[in-house]
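# A look at the structure
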Amino acid sequence: MAIERDDAFWMGKAIAQAEKAAARGEVPIGAVIVRDGKIIARGHNLREGMQDPSAHAELIAIRRGAKKNGNWRLLGTTLYVTLEPCLMCMGAILLARVEKVVFGCHDPKGGAAGSLYNLSDDSRLNHRVTLVSGIREAECAALLSDFFAALRREKKQNKRE
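As the structure is a computational prediction, the values presented were derived from the model and not from experiment. (Residues numbered from 1 in each chain as written. Predicted model: local features only at pLDDT ≥ 70, side-chain atom pairs only at ≥ 80, totals over all residues. Heavy atoms only, no water.)

## With respect to the nonpolar core
Met11, Ile33, Tyr80, Ile93 and Val101 are the most contacted members of the largest nonpolar core, which has 44 residues in total. Of all the secondary structure elements, the ones that give two or more residues to this core are helix H1 (7-23), strand S1 (30-35), strand S2 (38-44), helix H3 (57-69), strand S3 (78-83), helix H4 (87-95), strand S4 (100-105) and helix H5 (137-160). (Core = buried A, V, L, I, M, F, W, Y, C linked by side-chain atoms within 4.5 Å. Buried < 20%, exposed > 50% of the residue type's maximum accessible area, 1.4 Å probe, protein only. Helix = DSSP H or I, 4+ residues; strand = E, 2+ residues; numbered from the N terminus.)

## Quick word on the UniProt feature "domain: CMP/dCMP-type deaminase" (unreviewed entry) in the protein chain
Mapped onto the present numbering, the UniProt feature "domain: CMP/dCMP-type deaminase" (unreviewed entry) falls on residues 5-116. Within the segment residues 5-116, helix and strand shares are 38% and 22% respectively, and the terminal C-alpha atoms sit 31 Å apart. (UniProt positions renumbered as here; feature names shortened; annotations may be inferred.)

## A word on the side chain of Arg35
One can find Arg35 in strand S1. A distance of 3.2 Å separates the side chain of Arg35 from the side chain of Asn69, its partner in a polar contact. Apart from residues lying up to four places away in sequence, Arg35 is in contact with Ile40, Asn69, Arg73, Leu74, Leu75, Gly76 and Thr77. (Polar contact = N/O pair within 3.5 Å; in protein donor to acceptor, adjacent residues only side chain to side chain. Contact = heavy atoms within 4.5 Å.)

## Overview of the pairing of S2
Within S2, five of the seven residues are buried, which leaves the element mostly enclosed by the surrounding structure. With six bridges connecting them, S1 and S2 associate as antiparallel partners. Along S2, the bridge assignment pairs Ile33 with Ala41. Joining the antiparallel neighbours S1 and S2 is a turn of two residues, in which Asp36 adopts a positive phi near 50°. (Pairing = 2+ DSSP bridges.)

## Quick notes on the packing of H1 against H5
The description of two helices packed together rests on the angle between their axes and the distance between the axes. Running from N to C, H1 and H5 point in directions that differ by 5°, and their axes come no closer than 10 Å. The angle between H1 and H5 falls in the class roughly parallel. Residues Met11, Ile15, Ala18, Glu19 and Ala22 of H1 lie in contact with H5, whose contacting residues are Glu139, Cys140, Leu143 and Phe147. Looking at the contact of H1 with H5, its residues break down into seven nonpolar, no polar and two charged. (Axes fitted to C-alpha atoms, helices over the stretch in contact; angles between N-to-C directions. Parallel < 35°, antiparallel > 145°, perpendicular 65-115°, else oblique. Nonpolar A, V, L, I, M, F, W, Y, C, P; charged D, E, K, R; others polar.)

## Here's the deal with unusual backbone geometry
Although it is not a glycine, Asp36 sits at a positive phi angle of roughly 50°. As for its placement among the helices and strands, Asp36 is situated in the loop between S1 and S2. Of note, Arg97 is a non-glycine position whose phi angle comes to about 65°, a positive value. Structurally, Arg97 is set in the loop between H4 and S4.

## Looking at the UniProt feature "active site" (unreviewed entry) in the protein chain
In the numbering used here, UniProt assigns the feature "active site" (unreviewed entry) to Glu58. As for its position among the elements, Glu58 is in helix H3. What Glu58 contacts, discounting residues up to four positions off in sequence, is Ala31, Leu79, Val81, Leu83, Pro85 and Cys89.

## Here's the deal with a positive patch on the surface
Positive charge collects at one region of the surface, where Arg5, Lys13, Lys20, Lys38, Arg42, Arg64 and Lys68 lie side by side. At the level of elements, H1, S2 and H3 are the ones that each hand at least two residues to the positive patch. Take Lys20: it is sitting in helix H1. Lys20 sits in the partly exposed class, given a relative accessible area of 46%. (Patch = residues over 30% accessible without salt bridge, like charges linked within 9 Å, V, L, I, M, F, W, Y side chains within 5 Å. Areas by Shrake-Rupley, 256 points an atom, 1.4 Å probe, with all protein chains shown as cover. Salt bridge = Lys/Arg side-chain N within 4 Å of Asp/Glu carboxyl O. Lys, Arg positive; Asp, Glu negative; His and termini not counted. Charge placed at Lys NZ, Arg CZ, Asp CG, Glu CD.)

Dropping the structure here:
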């Protein structure tokens, strides 16, 4: 009998990806793509390491998922991501035909899944995506706030030296 795993379980896998990003000095955002109870792709931020403004966790996972799938259409998938997707990532999510996006915390400065924009249900577009927000929100938010607090402390310390 297959074990039913819930959104909180899969968000834990995205959080693990975010922790990998933080360990590399990247903004701690992680993503996994799930289909039929299995992860088909993982990604975490690599913008600094790759010096690529498009190396967001979601885009890395989408690219890997499409490659593994042998098709750019990621039908029947759910993308779990620790931070609300930005405009670029929501555009890619819609173009890839992801069915559902589950995210941890909102991004009031750049979110395109309800905070600043809501591309998920725009009737002018030919695809819609179901959104679920707030899954393990406190953990996801803490990853980001702790990361940026450490950067500020480091910057302050470097100024003293």
